[in-house]
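# Survey of secondary and tertiary structure
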Amino acid sequence: AELDTSYFLGNAPGWASLKGCDARIANPEDPTTWTEILPRVRMQPDTRHRFRLSAGPEVTHVRLDVYPDGGMARVRLWGDLSASGREDLVVRWFNMLPKGHAKAVLAEDGGLTGGDTEKAIANRPAKTLADLPAALRNSIAG
């Protein structure tokens, strides 16, 4: 994780922490569902703070808390997608494609033609990876 206070000299936060929540299985509105990812740490003004985080549960949302309120130039989080996270991302991507682009993807990557592409597009939004045409699933997995 990178918490960057660059260019904030007089109003940088003194401390910061990160918490995460998996909104697929928990309600982000419930404060008890948030897990600590980075405990409260001291911050310096005009500095890129980098932290190696230990492996923890999968999260879909991350919350930054700063004490007291102060400026934060950016927050960067690096990590790897889990298998289920990758599948969710592929399904969301396919569902959001404009119709013309979806036709091109299905024809080029999925090997579908005419009526099959129309049927696949009409069946959107897909709920799971299994709802995508088999040829497209295979091209994505490969």
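Now for a quick tour of the structure. Sequence order as written defines the numbering, with residues in each chain counted from 1. Owing to the predicted nature of the model, reporting of local features is limited to residues with pLDDT of at least 70; listing and counting of side-chain atom pairs is limited to 80 or more, with chain, interface and lining totals taken over all residues. Remark: hydrogens and water are excluded; side-chain values derive from all non-hydrogen atoms of the structure.

### Some words on the sheet that holds strand β6 (residues 74-76)
Pairing is antiparallel across the open sheet formed by 3 strands, whose spatial order is β4-β1-β6. Of all the strands in the sheet, just β4 (48-50) and β6 have a single pairing partner and so form its edges. When strand polarity is set aside, the average angle formed by the axes of neighbouring strands in this sheet is 15 degrees. Any two strands are treated as partners once DSSP identifies two or more bridges connecting them. The numbering of helices and of strands both runs from the N terminus, where a helix is a DSSP run of H or I of at least 4 residues and a strand a run of E of at least 2. Bridge analysis of strand β1 (residues 2-4) against β6 gives 3 bridges, and the strand direction is antiparallel. Residue Asp4 lies in a different strand from β6, and its bridge partner there is Arg74. Between N-to-C directions, angles span 0 to 180 degrees; the directions come from axes that are lines fitted to C-alpha atoms, helices contributing only their stretch in contact.

### A short note on the pattern of salt bridges
Salt bridges are defined by distance alone: a side-chain nitrogen of Lys or Arg within 4 Å of a carboxyl oxygen of Asp or Glu. Evaluation of the coordinates by the stated rule reveals 11 salt bridges. Close ionic contact of Arg63 with Asp65 constitutes a salt bridge, the shortest N to O distance being 3.4 Å. Buried, partly exposed and exposed residues are distinguished by accessible area as a fraction of the type maximum, computed with a 1.4 Å probe on protein chains only: under 20%, between the cut-offs, and over 50%, respectively. Under the relative-accessibility criterion, Arg63 is labelled partly exposed at 30%. Overall, Asp65 belongs to the buried group, its relative accessible area being 18%. Between Glu118 and Lys99 there is a salt bridge, with the nearest N and O atoms lying 3.9 Å from each other. Here Glu118, found in helix α3 (residues 114-122), pairs with Lys99, found in helix α2 (residues 99-108); they are 19 residues apart in sequence, far enough to count as distant. Overall, the relative accessible area of 45% leaves Lys99 in the partly exposed class. In this structure, a network of salt bridges that share partners links the residues Glu2, Asp4, Arg48, Arg50, Arg74 and Arg76.

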